[in-house]
Amino acid sequence: MEEIDRERLREVLEFIRSHVPQMVLKHLEPELAAIEGYIVNARPPRIALVGRRGSGKSSLVNAIFGEPRAETGAVLATTPAGTWYQYEGPAGALEVLDTRGLGEGERPAGASEDDAVAASLKAVRDRCPDAILFVIKASDVDVWIQEDLAQVKALRDAIARRHGIVPPVIGVLTQVDLLSPADVSEPPYDDPEKQANIALAREKLSERMARVLDEPVRVFATSAYMRYRDGVLVVDRRWQIDELVDYLVEQLPDEAQLTMGRVAGIRSAQAKIAGALIQSTASAASAVAATPLPLADMPILTAMQVLMVTGIAYLAGRRLSREAALEFMAALGLNVGAGFALREVARGLSKWLLPGGGSLISAGVAYWGTYALGQAAVAYYIENQPIEAARKLLEQGREKARTLRKP
């Protein structure tokens, strides 16, 4: 996200915080902090990849991007020490700590005398990984990997001591296409023997990792194989990469989720992140609308909804400003921003209530209206549905709000 956009979004948040009474802001701040983390503080995810040479670390990075971004070492280890790399794609970046291959028979050129874990520990002194992926070929789960896992544990514990954060550790089995029977090489590997061998490899790695790390570990069996000819993808045998990214998104801090979903371009992951953002924004809108602030809550609600729409659009790979967000909302038929339109609906419904009930109705209308606006943005930006479909989703939210007047 460009710095100019980030500053404008900070201004929107500052506007909200400066116009909400302190008694309301105290209850609103957790939701605002979540919105701020998702959108304004969005940054590239930081992933530590740990594994032996040839385990498929670079191929995994390429599979997440869906295009060749990381070099692959064919014969000799290519990482001289634990080193951070920033892999850039059209939709954003990933910061990857590529450790020296564990179990190397020969140090790569330029490597120090330190062993792999010592070199990796140096790399995490000033930069904290959000997650650690232990990458291993599916055919290697039967070999001696206790030392490898002990090094993973040492890396995790060192990060915890240095940064006060215990990063999640995820097991990633690669090259499952090479498991027996080898002739079943195309996903989804609908062969009982193949499926049994994949399940066995997952079970063994899960048990070993849990025993060394003293906690259950989620293990994914994947294939990251892609082949290009003249820059064009001609073979794509990726399998379970979407599921891995989905889970990884859940483990990342808020500020890294938006970029992870944007980079991977996986709709299920994007929808999950957008859902959390919509929930936080709708809850915040409800809290504001429940407080009697004659007319003053209109721009506050609008500001919140602009932030939400901006975040969803950015998640889908768009560069969207406040003005463009307002244009989208206007295209849905909303008047002077959604905050104004929803407040007017609330004002009309309040006459159906007993005295003193207007604020509660306003809160419900603001919640469901904001929620519906978020769903409309997801439909338009992430699911690529036409504006008419997005408008229909918003109208369904309005219908939900209208039911609030019924006894």
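Report on the accompanying structure. Everything numeric in this text was worked out from a predicted model, so none of it was measured.

Section: the overall build of the chain
The helix and strand inventory of the chain stands at 14 helices and eight strands. A burial count over the chain gives 51% of its 407 residues as buried. In the chain, the proportion of contacts linking residues at least 24 apart, taken out of those at least 6 apart, comes to 69%. Summed over all atoms, the accessible surface of the chain reaches about 18400 Å², with 51% contributed by carbon and sulfur.

Concerning the side chain of Gln 270
In this fold, Gln 270 is placed in helix α9 (residues 267-289). Among the polar contacts listed, one links the side chain of Gln 270 to the backbone oxygen of Gly 261, at a separation of 3.1 Å.

So, the environment of Leu 94
The residue Leu 94 is located in strand β3 (residues 92-98) in this model. In contact with Leu 94, not counting residues within four places along its chain, are Pro 45, Ile 64, Phe 65, Tyr 85, Gln 86, Tyr 87, Met 260 and Val 263.

Section: the packing of aromatic side chains
Under the counting rule described, the total for this entry stands at nine aromatic pairs. On the numbers, 5.0 Å between centres and 85° between planes, the contact of Tyr 189 with Trp 239 is edge-to-face. Taken as a pair, Tyr 189 in the loop between β5 (169-174) and α6 (192-213) and Trp 239 in the loop between β8 (232-236) and α7 (241-251) lie far apart in primary sequence, 50 residues in all. What makes Trp 239 buried here is its relative accessible area of 15%.

Section: the sheet that holds β3
Taken together, six strands build an open sheet; the order of strands is β2-β3-β1-β4-β5-β6 and the sheet is mixed. Pairing within the sheet leaves two strands with one partner each, and these edge strands are β2 (83-89) and β6 (219-221). For this sheet the average axis-to-axis angle between neighbouring strands, irrespective of direction, equals 25°. Pairing geometry for β2 and β3, over seven bridges, is antiparallel. Bridging across to β3, Tyr 87 finds its partner in Leu 94. Packing against the sheet, α7 makes contact with β1 (46-50), β4 (131-137), β5 and β6, and its axis sits at approximately 170° to β5.

What to know about the nonpolar core
Buried together is how nonpolar side chains tend to be arranged in soluble globular proteins. By size, the foremost hydrophobic cluster in this structure holds 81 residues, and its most contacted members are Leu 133 and Ile 312. When residues no more than four places from it in sequence are discounted, the contact partners of Ile 312 are Ala 274, Leu 277, Ile 278, Gly 374, Ala 377, Val 378, Tyr 381 and Ile 382. Counting residues in hydrophobic clusters, the runner-up holds 33 residues, among them Trp 84, Ala 123, Cys 128 and Leu 179.

Regarding the pairing of β5
Here β5 lies mainly inside the structure; six of its six residues are buried. Residues Val 169, Gly 171 and Leu 173 point to one face of β5 and Ile 170, Val 172 and Thr 174 to the other, with burial holding for every one of them. Two strands pair when backbone bridges link them, and β4 and β5 are joined in this way by six bridges, in the parallel orientation. Within the sheet, the bridge partner assigned to Val 135 lies in β5 and is Val 172.

Topic: the pairing of β8
Direction of pairing for strand β7 (residues 226-229) relative to β8: antiparallel, over a ladder of four bridges. If you follow Tyr 228 over to β8, its bridge partner there is Leu 233. What sits between β7 and β8 in their antiparallel hairpin is a turn of two residues, with Asp 230 showing a positive phi close to 55°.

Here we look at empty space enclosed by the protein
Picture a little ball the size of a water molecule; that probe, rolled over the atoms, points out where space is still empty. Inspection of every chain in the model, using the stated rule, returns four cavities of 30 Å³ or more. The calculated volume of the largest cavity comes to roughly 60 Å³. Counting only elements with at least two residues in the lining of the largest cavity, the list comes to β1, α3 (57-65) and β3. Split into classes, the residues belonging to the lining of the largest cavity amount to ten nonpolar, no polar and no charged.

Observations concerning the environment of Gly 311
If you trace the backbone, Gly 311 turns up in helix α10 (residues 297-315). In this structure Gly 311 touches Ile 39, Leu 258 and Leu 277, once residues within four positions along its chain are discounted.

Structural notes on helix α11 (residues 322-331)
Listed in full, the buried residues belonging to α11 are Ala 325, Phe 328 and Met 329. The buried side chains of α11 occupy one side of the element, clustering within an arc of 100° when seen end-on.

Concerning helix α8 (residues 254-264)
Of all the eleven residues making up α8, nine are buried; the element is thus mostly covered by neighbouring parts of the structure. Along α8, the residues that are buried comprise Ala 256, Gln 257, Leu 258, Thr 259, Met 260, Gly 261, Arg 262, Val 263 and Ala 264. At the C-terminal side of α8, Gly 265 shows a positive phi close to 65°.

Parameters and conventions
- Residues numbered from 1 in each chain as written.
- Predicted model: local features only at pLDDT ≥ 70, side-chain atom pairs only at ≥ 80, totals over all residues.
- Heavy atoms only, no water.
- Helix = DSSP H or I, 4+ residues; strand = E, 2+ residues; numbered from the N terminus.
- Buried < 20%, exposed > 50% of the residue type's maximum accessible area, 1.4 Å probe, protein only.
- Contact = heavy atoms within 4.5 Å.
- Areas by Shrake-Rupley, 256 points an atom, 1.4 Å probe, with all protein chains shown as cover.
- Polar contact = N/O pair within 3.5 Å; in protein donor to acceptor, adjacent residues only side chain to side chain.
- Phe/Tyr/Trp six-rings, centres within 6.5 Å; stacked < 30°, edge-to-face > 60°.
- Pairing = 2+ DSSP bridges.
- Axes fitted to C-alpha atoms, helices over the stretch in contact; angles between N-to-C directions.
- Core = buried A, V, L, I, M, F, W, Y, C linked by side-chain atoms within 4.5 Å.
- 1 Å grid on protein atoms, 1.4 Å probe; cavity = no way out; pocket = protein on both sides within 12 Å on 5 of 7 lines; lining within 4 Å.
- Points joined across faces, edges and corners; volume = space filled by probe spheres on them.
- Nonpolar A, V, L, I, M, F, W, Y, C, P; charged D, E, K, R; others polar.
- Arc of directions from axis to C-beta.

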